[in-house]
Every structure is written in structure tokens, then in C-alpha cells.
Number of protein chains: 2
Amino acid sequence: MNDSRGRNAAATTATATADASAAATAAATGSAGKGLRRDAAENRARLLRAAWEAFAEQGPDAGVEEIARRAGVGMGTLYRRFPTKDALINELSEVIFESILEHARMSAALGADRAPGQPSGLEESLFHMGEVMAGHHGCLSRLWQASPPPDQDERRTELWQLMDRMLDQAKASGDVRPEVTLTDVYLSVIALRSLVDDTAGQAPDLWRRYLEVVLAGFRPAPGARPLAYQPADDSLVRHGLPKRRH
Amino acid sequence: MNDSRGRNAAATTATATADASAAATAAATGSAGKGLRRDAAENRARLLRAAWEAFAEQGPDAGVEEIARRAGVGMGTLYRRFPTKDALINELSEVIFESILEHARMSAALGADRAPGQPSGLEESLFHMGEVMAGHHGCLSRLWQASPPPDQDERRTELWQLMDRMLDQAKASGDVRPEVTLTDVYLSVIALRSLVDDTAGQAPDLWRRYLEVVLAGFRPAPGARPLAYQPADDSLVRHGLPKRRH
DNA sequence: CATGAAGCGGAGATCCAACTCCGGTTGGCC
DNA sequence: GGCCAACCGGAGTTGGATCTCCGCTTCATG
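So, how was this worked out
Here the residue numbers are simple positions, counted from 1 along each chain's written sequence. Here chains are named by letter from A upward and ligands by number from 1 upward, in the order in which they appear as written. In keeping with the model being predicted, local features are shown solely for residues with a pLDDT of at least 70 and side-chain atom pairs are shown and tallied solely at 80 or more, while totals for entire chains, interfaces and linings include all residues. Think of the side-chain values as coming from all heavy atoms in the structure, minus any hydrogens and water. Each helix is a run of DSSP H or I of at least 4 residues and each strand a run of E of at least 2, with the numbering of both proceeding from the N terminus. Polar contact is defined as a pair of N or O atoms within 3.5 Å, subject to the rule that within protein one atom must be able to donate a hydrogen and the other to accept it, and that residues adjacent in sequence are counted only when both atoms are side-chain atoms. Here the copies are matched by least squares. The fit uses the C-alpha atoms of residues with pLDDT of at least 70 in both. Two residues form a contact once any of their heavy atoms are found within 4.5 Å. A single heavy atom is enough: if one lies within 4 Å of a molecule or strand, its residue is considered near that molecule or strand. When two parts are brought into contact, each loses some accessible area as probed by a 1.4 Å sphere; the total of that loss over both is the buried area. Any Lys or Arg side-chain nitrogen found within 4 Å of a carboxyl oxygen on Asp or Glu counts as a salt bridge. Classification convention: Asp, Glu, Lys, Arg as charged; Ala, Val, Leu, Ile, Met, Phe, Trp, Tyr, Cys, Pro as nonpolar; all other residues, Gly among them, as polar. A score between 0 and 100, pLDDT records how confident the predictor is in each residue. With a 1.4 Å probe rolled over the protein chains alone, any residue whose accessible area is under 20% of its type maximum counts as buried; one over 50% counts as exposed, and the rest are partly exposed. In this analysis an axis means a line fitted to C-alpha atoms, helices contributing only their contacting stretch, and an angle means the value between N-to-C directions, from 0 to 180 degrees. Throughout, the term roughly parallel applies to angles under 35 degrees, roughly antiparallel to angles over 145, roughly perpendicular to angles from 65 to 115, and oblique to all others. Stacked, tilted and edge-to-face are the three classes applied to pairs of Phe, Tyr and Trp rings, where Trp contributes its six-membered ring and a pair requires centres within 6.5 Å; stacked means planes under 30 degrees apart, edge-to-face means over 60, and tilted covers the rest.

Caption draft 1: Seen up close, the environment of Ser-141 of chain B. All names here are of chain B. Tracing the backbone shows Ser-141 in the loop between α6 (121-135) and α7 (150-172). C-alpha separation for the pair Ser-141 and Gly-59, spaced 82 residues apart in sequence, amounts to 9.8 Å. Within the structure, the side chain of Ser-141 is placed 3.4 Å from the side chain of Arg-142, a separation counted as a polar contact.

This is how it looks when you write it as C-alpha cells:
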């Protein structure tokens, strides 16, 4: 294990995790859990929390039996609440995504109203993404996967529009050079997601270091070579990636 | 699909792929295939090639039956040559790794003898890694996984020593700023691996763009902030990551 | 060319994780 | 309290993947 060097890394991570946990509870007892008998609604919430823990500890290979056991309910209950294991995972992804989108909305709304020297909205959003993802490592495989349910698709579009706006702001304030595209940001997020998942067990904060390098790579520099390989358009961002196969 | 923009991307990729294919054949007919009857050795080679293709097309979930079918042999033959499916995958990883190590040896040996403005050995090696990995997407999950067989472990150590040397050279020639550590390079490679795999189907060259950004992030820049999160040591590089779970 | 050790194919045994089914129980409304 | 729809548990089914087994065939050697 890593002993959390650097600034307040551990503290911010803990906060993000707590937020997400609260969000999971909210999702469980909120709209999706309405119309259920009290015991049923509570079991639904327990299942989501159990799944969240199980996936964080064992990755998405954690078995449904394990999840039911942790939640203290039977298999039947699990499958009455969630028609498939995938549905359960999607629900969790939803919670993660919601947190990311919410933060991006606030960050974008804040716009360029920042003290000079403060991190740009783009930077802030990317670090927030990392934190939320680190708090849910193991549940990330469904994030940004192609062809999500339509309502989720709409919200994904919104997120990337916000990111695009923040990218423009960052360029305007000189934090990012003009040739950087939304696709570049997208690629960084995809890579960040994998890195968070891969290093979660051994060095849960190291993704920050990677993200700093990438952000440095976005920054304008006098003698910098232009990027040679131009991505044509943002179709990748708009359509997402196919389901992971590993 | 992507239409291979920028420089000679397609050409270099094709070369790397051909190299790797040849390497696969060599591995099959070489030392590992010695002592086998002619038909058996040939079947071994066919199996490796079939597995290589199947994994590239369908990811590591490609079934053993599919591999045997492609190779034109029966299941029995597959399992007589390779005790488990994992063993087969490890053999392929071995081939990929061999190509990477070989290139790193040459690149490191060339040292600082480069025309000014030419890419550093580090840069060249990273691009080569990307090319080889892109030519074998789907077979990468076992690469750099923790606790490989001892002989492989030794070679992994060698690779990262070479990378470390090239990192020093790059710092000396001003291509990389001093605070960048071997762990940073390692993280980039891990991220690159995932990115190559994730984007292989839709934008097989886009990893180049990502890698350029990272390399730009490594480059010295006058007003650059120092990286805040210091990795303590290179234990991650030395020990590798645990098996992926996705 | 005769011999047998090594190799071959592929049906089916085995394993494992997701999912279903149903007899018994519980919560909420009258 | 009484009723019943909704809910619960968990043993068992299903499906899909890996791996084994054995009667037949092929290669290499004397």
C-alpha cells in the first residue's frame, strides 16, 4: 500500500468516497426506489451498497452470491430488484456519472471567474473525475461505454459539451494550447479510468501524478512541437467506446 | 474506422505487425518447439498464429474452440501443446515483450548518438511499444502483470533498467525535465496499454496522439509547475501490477 | 516396409457463475 | 386482528466455457 504522499490527497479522496456513498444511498432510496414496500426499498439500498463495496474490493468479477450475502439478502431478492447483474452495475455507473456531471455543471458555471493561478475548471473537473473513479474502482468498466440507455446518452452529451466549454475557457486563459481537442481530453479520461482501476490496489493516489503530466502536456510551451497526429473529429467522444472485453 | 492520418502511421504499424508475426512464427518453431515431430511443431506454430489473430479480432474472450478451428486442429492438439489457455496467452505476451525488449536494447545502445531534433531513445521506445501493442491488442492483459515466471521477471527488470537509462539520456539532452521519474514513464505505459486496447477497434492510431501529449508533459517548460504528487520509489515498476480483473 | 512412439480429433465430462422458481413469510390497509 | 399482495430465501437449473480421454492415424527410424 501507498502512504498517501502529497498535499491533502487522502483527505480529498475520502471526501469523494463519502459523497459517492451518500449518492448511492440517495439513488437507492430516491426515485428509483419509490413505490416499493419499506422492507423492499431498504433491501434495494443494501444491495447497491453491498455491490459498491464488493466491486471495489474484488473488481467486477465479484459474484452475485457474494453481493447478496454482503447485503444480507437472498439471491431472489437481488434478482427481483435488478433484472440482471449488468443492470446493477449500470445503476452504480449511473451514480458515479451523476457525481461527475454535477461537478462539471458547477465548474462550468463558475466559468472564468477564478483567481489567477487557480486551477482551471477543466483541471478541477478532471481531478474530480479521478477522485470519484478512485472511490469506485472496479465499477468503472461500464462508464462511457457505447450505446447506453437513451436518457444516459443525453446526459453524456451534456457532460462532453460542458467539458468542451471548459476546454475553451482553459485555452482562453492560457492554460491549454489551442491545438488540443476535445478528443484529446476524452482520451486522457479513458486512460485515467484504466489507470485508476489498475493501480487502485497498490498505489491509490498515483493517478494524480499521471494526470499532472497530461495537464502539463496540454499547457502552452514556447518551443513545443505541434501534435503530429490530428484526430479528425469528435465522433469517438460522441459515440463512446465499445464494451470492454477484458 | 480511422483512416490513418498523419505521417507514416499506417506504414510503421504494418511493419510492427509483420515483425511481430514473424516473431510469433520464430517463437513457435524456435527453441520452444524443439524436440517435436515435424507435424507437431507446425501445429504449434499454427496455434500461436491462430490465437494471435483470434485475440486481436475478438479480445481475450475468444474461445479455445475458435482458436483450434482457425488453426485447423482439434482441441486435443491445442491442449497437448499448451496445458491451459493461460499458457497460450502467456506465450503470446512473451513474443510481444520480446519485441519490446529487443527494440529497447538497440535504442539504449545507440545512446545519445542522435542528430539534434531527432526523437530521443525514450520517445522512440515508447512509440515502438505502442506499435507492437496496437498490433496485438487483445493479448495485452498479461503484459506487466505481477509475479510472472522467474525468467520473464529477469527480463522485465532488464527492460526497465534500459528505460531508466534512456530516461536519463533524455533528461541530459533536455527532452525531459529532471523531476520525471521512472514510475511516471511506467504509468504512461500502463495507461498506453489500456488506451491501445480500448481504442483499437475504432481509432487504431489515436494512441499516438495521446502519447505525444504525455511526451509534451515530460518536456521541460520555463513556467512549468513542478509535479505535486511525488511517487516515493519505483516499487511499482519493480513489482508490476496484479492481474487485471475486467 | 515394419514397428511403435508420438500425435491427432472431437465428443463429452466438468466446472462455474448467472439466473429462476416456489413454498413460506411479512408489511400495510381495513 | 385479519387479509392478501408483495416480498423473501436459497436450492436447483441453465448455459457457456475450459479441459480430458481414448480409439485411430502419422511420422521417423532401423
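Caption draft 2: Representation of the relation of the copies chain A and chain B in the model. Overlay of chain A on chain B (RMSD 0.1 Å): rotation 180°, translation along the axis 0.0 Å. The transformation just described matches what one would write down for a two-fold rotation axis. Ranked by how close their C-alpha atoms come to the rotation axis, the residues of chain A are headed by Gly-217 of chain A, at 1.7 Å. Interface overlap between copies: 98% of the residues of chain A at the interface are likewise at the interface in chain B, consistent with a symmetric, same-surface contact.

Caption draft 3: Seen up close, the protein's contact with DNA strand C. Surrounding DNA strand C, one finds 23 residues, the nearest of these being Arg-38 and Lys-85 of chain A together with Asn-43, Gly-76 and Thr-77 of chain B. Close to the protein, within 4 Å, the atoms of DNA strand C are drawn from sugar and phosphate at a rate of 62%. One of the backbone nitrogen or oxygen atoms of Gly-74 of chain B is found 2.7 Å away from a phosphate oxygen of DNA strand C. Within the side chain of Thr-77 of chain B, an N or O atom sits 2.6 Å from a phosphate oxygen of DNA strand C. Where the surface near DNA strand C is concerned, the elements lending two or more residues are α2 (38-58) and α4 (75-81) of chain A together with α2 (38-58) and α4 (75-81) of chain B.

Caption draft 4: Region of interest: the interface of chain A and chain B. Chain A puts 56 residues into the contact, and the matching count from chain B is 55 residues. Together chain A and chain B conceal approximately 5,200 Å² of surface at their shared face, both sides included; 57% is due to carbon and sulfur atoms. Taken together, chain A and chain B are joined by four salt bridges. Salt-bridge contacts for Asp-198 of chain B lead to Arg-193 of chain A; the nearest nitrogen and oxygen are separated by 3.1 Å. Between chain A and chain B we count 15 residue pairs in polar contact (both at pLDDT 80 or more) in total. Every element with two or more residues in the side of chain A that touches chain B is listed here: α2, α8 (182-199) and α9 (206-218) of chain A. In terms of residue count, the dominant contributor to the side of chain A that touches chain B is α8 of chain A (eleven residues). Of the residues contributing to the side of chain A that touches chain B, the split by class is 24 nonpolar, 14 polar and 18 charged.

Caption draft 5: Inspection of the confidence of the model for chain A at higher detail. Residue and element names in this part refer to chain A. Here chain A shows a mean pLDDT of 85. Residues at 70 or above account for 85%. No element of chain A has a lower mean pLDDT than helix α1 (residues 9-29), which averages 48, and none a higher one than helix α3 (residues 64-71), which averages 97. Across residues 1-20 the pLDDT falls below 50, and counting only partners more than four positions away or on other chains, this stretch makes 32 contacts in the model.

Caption draft 6: Representation of the protein's contact with DNA strand D in the model. By nearness alone, 23 residues border DNA strand D, and Asn-43, Gly-74, Gly-76 and Thr-77 of chain A together with Lys-85 of chain B come closest of all. Atoms of DNA strand D within 4 Å of the protein: sugar and phosphate make up 60%, bases the balance. The separation between a base nitrogen of DNA strand D and a polar main-chain atom of Met-75 of chain A is 3.2 Å. Every element with two or more residues in the surface near DNA strand D is listed here: α2 and α4 of chain A together with α2 and α4 of chain B.

Caption draft 7: Structural context of the pattern of salt bridges. This structure, assessed with the given rule, holds 40 salt bridges over all chains. Residue Arg-155 of chain A is joined to Glu-94 of chain A by a salt bridge in which the shortest nitrogen-to-oxygen separation is 2.3 Å. Highlighted residues: Arg-155 of chain A in helix α7 (residues 150-172) and Glu-94 of chain A in helix α5 (residues 85-110), separated in sequence by 61 residues. There is no split in this pair, since Arg-155 of chain A and Glu-94 of chain A are both buried. Here Glu-179 of chain B makes a salt bridge to Arg-177 of chain B, at a shortest N to O gap of 2.8 Å. Here the salt bridges share partners, and the residues they tie into one network are Glu-53, Glu-57, Glu-66, Arg-69 and Arg-70 of chain A.

Caption draft 8: The arrangement of the packing of α2 of chain B against helix α5 (residues 85-110) of chain B in detail. Residues and elements named next belong to chain B. Packing of α2 against α5 leaves a shortest axis separation of 10 Å and a crossing angle of 85°. Considering their axes alone, α2 and α5 lie roughly perpendicular with respect to each other. Taken together, the residues of α5 that come into contact with α2 (itself represented by Arg-44, Leu-48, Ala-51, Trp-52 and Phe-55) are Lys-85, Leu-88, Ile-89, Glu-91 and Leu-92. Here the residues of the contact of α2 with α5 sort into seven nonpolar, no polar and three charged.

Caption draft 9: Local environment of the packing of aromatic side chains. Residues and elements named next belong to chain A. Enumeration according to the criterion identifies four aromatic pairs over all chains in this entry. Measuring from centroid to centroid gives 5.1 Å for Trp-160 and Tyr-186, while their planes differ by 70°, and the two rings are edge-to-face. Of the two residues, Trp-160 is situated in helix α7 and Tyr-186 in helix α8; the sequence distance between them amounts to 26 residues. A relative accessible area of 4% places Trp-160 in the buried class.

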